[in-house]
Each structure stands twice: as C-alpha cells, then as structure tokens.
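Architecture and fold: a report
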Amino acid sequence: MFSVTQPAGGVLLAALGLVVPRLSFASLSVPDIPHIAPYFGTKTRYEEVNPHLLRDPLSADPSVLRSPPAERCSPVHLTAVIRHGSRYPTIKNIRRIQKLSELVRTEASRSSGGSEDWIQDIRSRWEAWYTEDMDGQLVAKGRDDLRQLASRLASLFPSLLSEENVKNRRVRFLTSSKHRCVSSVEAFQEGLQRHWGRPGESQHSVCVRADTEPEYSHEVDDELMRFFERCRGYVEGVENNHTALLEVEKFKHGKEMEGVRRRMADRLGLPHHRLTPDLVEAAFFLCSYELSIRSVHSPWCFLFNETDAKVLEYKSDLKQYWKRAYGHEISSLSSCPLFHHVFRTLDKAGRPPSVLVGHAETLLPLLSLLGLYKDQTPPTASNYPSQHGRRFQTSQIVPYAANLLFVLYDCQRGPRLQLLINESPVRFPGLEEEDAPLYRDVRATYRHLLDGCDFHRECEGRAVGRAPNTEL
Ligand SMILES: *[C@@H]1O[C@H](CO)[C@@H](O)[C@H](O)[C@H]1NC(C)=O
Ligand SMILES: *[C@@H]1O[C@H](CO)[C@@H](O)[C@H](O)[C@H]1NC(C)=O
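Quick look at the structure, then.

Conventions used here
Residues numbered from 1 in each chain as written. Chains lettered and ligands numbered in written order. Predicted model: local features only at pLDDT ≥ 70, side-chain atom pairs only at ≥ 80, totals over all residues. Heavy atoms only, no water. Phe/Tyr/Trp six-rings, centres within 6.5 Å; stacked < 30°, edge-to-face > 60°. Helix = DSSP H or I, 4+ residues; strand = E, 2+ residues; numbered from the N terminus. Buried < 20%, exposed > 50% of the residue type's maximum accessible area, 1.4 Å probe, protein only. Lys NZ or Arg CZ within 6 Å of the ring centre and 35° of its normal. Pairing = 2+ DSSP bridges. Near = heavy atom within 4 Å. Polar contact = N/O pair within 3.5 Å; in protein donor to acceptor, adjacent residues only side chain to side chain. Areas by Shrake-Rupley, 256 points an atom, 1.4 Å probe, with all protein chains shown as cover. Nonpolar A, V, L, I, M, F, W, Y, C, P; charged D, E, K, R; others polar. Axes fitted to C-alpha atoms, helices over the stretch in contact; angles between N-to-C directions. Parallel < 35°, antiparallel > 145°, perpendicular 65-115°, else oblique. Left-handed = near helix turned anticlockwise from the far one by under 90°. Contact = heavy atoms within 4.5 Å.

Before going further, it helps to examine the packing of aromatic side chains. Two aromatic rings, taken as a pair, are described by how far apart their centres are and by the angle between their planes. Throughout the structure, instances matching the rule amount to 22 aromatic pairs. Aromatic pair phenylalanine 284 and phenylalanine 304: ring centres 5.6 Å apart, planes at 75 degrees, arrangement edge-to-face. Taken together, the positions of phenylalanine 284 in helix H12 (residues 277-294) and phenylalanine 304 in the loop between H12 and helix H13 (306-324) put the pair 20 residues apart, joining distant regions of the chain. Phenylalanine 284 sits in the buried class, given a relative accessible area of 1%. Look at phenylalanine 428 and tyrosine 446: their rings are 6.2 Å apart centre to centre, the planes differ by 65 degrees, and that puts the pair in the edge-to-face class. Highlighted residues: phenylalanine 428 in the loop between strand E7 (424-426) and helix H18 (439-445) and tyrosine 446 in the loop between H18 and helix H19 (447-450), separated in sequence by 18 residues. The pair formed by phenylalanine 428 and tyrosine 446 is uniform in burial state, with each residue classed as buried. One aromatic cluster is present, built from ring pairs that chain together Phe339, Phe343, Phe406, Phe428, Tyr439 and Tyr446. Above the face of the phenylalanine 285 ring, lysine 43 is positioned so that its terminal group lies 4.1 Å from the ring centre.

Taking burial as the measure, the eight residues of strand E5 (residues 403-410) include seven buried ones, the bulk of the element. With six bridges joining them, E5 and strand E6 (residues 416-421) adopt antiparallel strand pairing. Its bridge partner lying in E6, phenylalanine 406 is registered against leucine 419. Counting the residues that bridge the hairpin from E5 to E6 gives five residues, and of these glycine 414 lies at a positive phi of roughly 120 degrees.

It is worth spelling out the site of ligand 2 at this point. What surrounds ligand 2 is the set Arg263, Asn305 and Thr307. Contact between ligand 2 and threonine 307: a nitrogen atom at 2.6 Å from a side-chain N or O atom of the residue. When isolated, ligand 2 has an accessible area of 370 Å², and the protein chains bury 40% of it.

Looking now at the site of ligand 1. Neighbouring residues of ligand 1: Gly237, Asn241, Thr243, Ala244 and His328. Between ligand 1 and asparagine 241, the relevant distance is 2.3 Å, taken from an oxygen atom to a side-chain nitrogen or oxygen of the residue. Within the complex, the protein chains bury 44% of what would otherwise be the 360 Å² of accessible surface of ligand 1. In the shell around ligand 1, the residues fall into one nonpolar, four polar and no charged.

Following both chains from N to C, one finds helix H5 (residues 140-156) and helix H7 (residues 179-197) inclined at 45 degrees, their axes separated by 7 Å at the closest point. Relative to H7, the element H5 is oriented oblique. Both H5 and H7 take part in a crossing whose hand is right-handed. Residue-level inspection shows Arg143, Leu146, Arg147, Leu149, Ala150, Ser151, Leu153, Ala154 and Ser155 of H5 in contact with H7, the latter providing Ser183, Ser184, Glu186, Ala187, Phe188, Glu190, Gly191, Leu192, Arg194 and His195. Per-class residue counts for the contact of H5 with H7 are eight nonpolar, six polar and five charged.

That's the geometry; what it means functionally is another story.
In structure tokens:
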C-alpha cells in the first residue's frame, strides 16, 4: 500500500493521495520527533527505546552478548519471542479517531487559540484517513521493523541464524494466527535473506520485487502465542471481569486525567463535557499512529506536553499491569505453555534456533512469570505521584517489535543462559550478579515453575462453572 520509502531515518511518505497537513511536509525535511514520543506505551516505536537505530537501523552491538570471557563461551542456541511490528489502529480506535475528528471539526470554537498553526491544521487540513478495513494490520514501517531486527540478530548470531540453517529448515518460525504477526514473521525472513544476499545495501529503500519473492516458512501456533484467550480462568477472571480493571477506571476519572482533559478542551476551545477520557486518549494515540505509521509529527501532538503524556502513559501501564501482568496471577500463569516450550527447547542442546512471533499480550505475561519488571508497590489509581521511577513501564518493555531473547552459551564450566530484552541485557531476578549465569542456576531459580505451572490446572481449576473441557 505504501510504496515509497525514503532511507533517511526510516522516514515514510504515504503515497495515498491523502490530505496531508502542511506541517507534516515541513517535518519530513527535518526528522522531527514529538517530545511525547517515548510515552506511547504499547504504541511506542522501537526507535524510542533504541534511538541509535534512527541513524543506523542495521547496526548490531556485539558487546550486549556477555558471557564470561575467561570461559571461552560460544552461543549454541537462540529462542526469540518477538512482538509484531508497527500496525494500523484496530477498529475500536479507528472509530474513536473518527468521532474525535468529527467533534473537533464541528464543535471546536473558532476563536480560541486561533493564532497557532497547529490548531488550524487540525481544524481544516487534517483528515481522518484511517478506515475500518485497516483494522490492526501491519504497516510498511512494521515490515521494516522486523526486517531490520532480523538483520541485526543475524549479525549478532551468525552461526545460529545462518543462511544454511534457514535453507535446511533448521530454524523454527512459529507465529500467532493474526495477520499482523504472520506478516511480521514473513518480514523477518525477508530481512534474513536481504542480510545474506545483499550485504551493505540499505534495507529500506527497496520494495520486494515480484521476481525475487522469497519463500517463507512458518507454523501458526495459537496455543503458544495466544495462550491468553484459551485460558478459561483468565478469560473469566480478568478479561470478562468488570471489576478486574477497577484501578484503570478510577484513574481514567481521577484528578490527573481530569487535568489533561481540561487542558486539551481549553486548547481546542471545546466545551469540557464534550471531551471524554476515551477521546483524550484517541488524540494521544493519533499522535502515536501518525508518527509510527507515517513518520510525521502530527498537529494532534501539540495538544499534550510531557506532563500530560506521562499521565496518559501511566493510564496505559495501569491497564497492562492489571490486565496482562502482575495485577492478577492468572495472567502470568496462562503463559505456562510458552514458558515450558522455551525451557524444553533450551534443555535439549542442539535444538534449532526458534523465532516466535506474537503480541504484547504474549510477552507481558511471560515476562511477569519470569519475575521481570516487578515493583515493590503495585501501580494504582491513587499512587501516581510515587510511581515515577517504576520498572513496569510498557513504553520501554513492549514497543512495536519488542523482543525477548534467550541466548544459550556453551562454556567451559557448562551451559550459560543470558536474557536480552529489546537487544539489551537483562538479569534474571535472584541471579543479579551475572549477565549470563549457569543454566543450572537458572533452572534452580525457576524450579517451582519447571515442576509445576500446569496450564490445565491453573486455567481450568479456577473456573467458576466447570463446563466440559473442549479446548486444546
Ligand atoms: C474479578 O476481579 C476482582 C478484582 O481483581 C477479583 O477480586 C474477583 O475475584 C474477580 N472475579 C472473578 C469471577 O474471578
Ligand atoms: C504542561 O502544562 C501544564 C499546564 O500548563 C504545566 O503545569 C506543566 O508544567 C507543563 N509541563 C511541561 C513539561 O512543560
């Protein structure tokens, strides 16, 4: 759909004959990133977490691989759990965006703030170009996210993600059935082929040509990648439980969000009561989508300063915490099948590298099961002021193309395991002295999960009504 891409900074020009605001063109010449871009939660670009990629999207840093030098280690296995790349909004947000732009077009007062260009841009030049058929699909930038990640990982692990291994089907590709994930796993393989085929050539200036259409291979596995929707205890206890996200609801109507809403209404000259918290969030997401999809600094971004953005980020973090992470234990336990899959693969030395593509909803429960990014005090609707330094910050953990790497090394003292999250080393809770502890120590740390963490017991055992088990 988007056919023209431009190398500098991954800047993307939408060739759709859209009504593009004047401001966007101005911003294309100078890559101009909104100040609020690092706070978009799960809608954050990967580049906000790794800003050096804006200059060189293919640069891989071998110093992140940290096995003890004295033990002459070499990587012998890689399992990568990867989130899909940048995508279109889903239908729910497309409808909110349409509602918001309609409201601003018809009701924003023409007298307020009229001297500022961006307000004129929103009112008269910006058009809601998102249509419902785009529903969550991967965008061109999202393909780049995965191609470039593949290339960097192939540079870091040349013996594992090698051309020979992939050709001989000695790399396993598993994906969620969702379109954006299947497209992502294909883009990842494209990235590998470009990495081997045309070293040094810029990856994002070329469209895939029909005559070089690569062969893809992947298996769809929703039991592993979409475990959450198959876990009855999770679906009934959290997903369909109206009180499970109480903290989020309270925060949405609390004083911090009220402040953001009031300021946004004032800036737009809208009657306060017409702007709901959902529409405030729609404007924030709109700024994120225009950046992640089209690489433009949208006029909608000017509605928020960093203080506002941090409040909106916290709202997203609260939601992920209570819906997908530590808020309810069943959320992390629902990822037991994926946990066991990873450790079974690690247990058998010589297993082929595994590339697993899923969702933020796949990664967050697994990261929580592993005990990562856990704060002493849970985030709630009332403790925002004390949560500034929290670890659980989804903008940093699960941006688009987020990835969790398990790297197994063969070393003189035995196998060692290292975790990387978004290509940075992260230490195992309880084994903080080393980047790559002995694998047997990691196994001892997770003994209770390795010997337990039974999906059926956790997910069916907690169900309120016990209907016959028809799944799996
Ligand atoms: C719904 O969530 C609340 C709050 O977390 C919890 O106390 C309650 O037990 C849950 N209800 C069900 C049916 O699991
Ligand atoms: C954002 O605006 C509010 C209200 O005008 C102000 O109190 C706050 O200090 C601003 N924050 C930043 C980072 O400029």
